[in-house]
Amino acid sequence: MIRIIPYEEKYRDDMIFMILEAKNALGRVPSINRDLLDIPGKYFSRGDAFWLALDEHDRVVGSIGYNRLDEENARLHRLYVKYSMKRQGIGTALLKKAENAIRARGIRYATAHLGGKEYFESRLFYPVFGYTEDEPGYMKKALF
C-alpha cells in the first residue's frame, strides 16, 4: 500500500537515492537538482508544497512538488517514480495530489517541464491528464 505524505526531512536521502536511480534507469548520468537539497527552503518557505510516496516499508517510491510562479500559474517539479514501481498508479496519485493543492490555492494553470528526450515517458504521461504543449519542452493544463 502506497501512502502520499508531505515531505519530511528524514526521507531526504532516500528520496534523492530514488531520483538518482530513476535518472540512471533512463540512461542519464545521475545528478542532484539543487532544490532537492533544501525542500523546506525551496518549497515550503514560499508557501508551495512537495510530497513523497512511501511504500509499506516506509521507503520513498515517488515524489512531486510545485512552485507558484504568479497569481495564475504553478510549475510542477520532480515527478519521479521508482523505476521498478512504475505503472502502478503512483505517478497518477502524486499528480492528482499536486493538482488538487494547486487548485485549492486558486491557481488556474499547472505547467510541467518535460525534460530532455530521454524523458520520453513524460511526453506520454501528461497528455493523458489533459496537458497540452504550451511551448517547446513544456505542457500546461487549465485546472478550473
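Structure first, text after, so check above.
Attention here is on the structure that accompanies the text.

Brief notes about the side chain of Thr111
Following the sequence through the fold, Thr111 ends up in strand β5 (residues 109-113). A residue is classified by how much of its surface remains accessible, and Thr111, at 6% relative accessible area, is buried.

Some details on the layout of surface pockets
The calculated volume of the largest pocket comes to roughly 800 Å³. For the largest pocket, the lining is made up of 33 residues, of which Leu79, Tyr80, Tyr119, Ser122 and Tyr126 are closest to its centre. Elements supplying a minimum of two residues to the lining of the largest pocket: α1 (12-25), β4 (73-81), α3 (90-104) and α4 (120-128). When residues of the lining of the largest pocket are assigned to their parent elements, the largest contribution, 7 residues, is made by β4. Split by residue class, the lining of the largest pocket holds 14 nonpolar, 11 polar and 8 charged.

Here's the deal with the pattern of salt bridges
According to the stated counting rule, one finds 13 salt bridges in the structure shown. Between Glu99 and Lys96 there is a salt bridge, with the nearest N and O atoms lying 3.7 Å from each other. Here Glu99 and its partner Lys96 are both found in helix α3, 3 residues apart, which amounts to about one turn of the helix. Exposure remark for Lys96: the relative accessible area of 33% places this residue in the partly exposed category. Its salt-bridge partner being Lys141, residue Glu99 comes within 3.2 Å of it at the nearest N-O pair.

Here is what the cut-offs are and how they apply
Residues numbered from 1 in each chain as written. Predicted model: local features only at pLDDT ≥ 70, side-chain atom pairs only at ≥ 80, totals over all residues. Heavy atoms only, no water. Helix = DSSP H or I, 4+ residues; strand = E, 2+ residues; numbered from the N terminus. Buried < 20%, exposed > 50% of the residue type's maximum accessible area, 1.4 Å probe, protein only. 1 Å grid on protein atoms, 1.4 Å probe; cavity = no way out; pocket = protein on both sides within 12 Å on 5 of 7 lines; lining within 4 Å. Points joined across faces, edges and corners; volume = space filled by probe spheres on them. Nonpolar A, V, L, I, M, F, W, Y, C, P; charged D, E, K, R; others polar. Salt bridge = Lys/Arg side-chain N within 4 Å of Asp/Glu carboxyl O.

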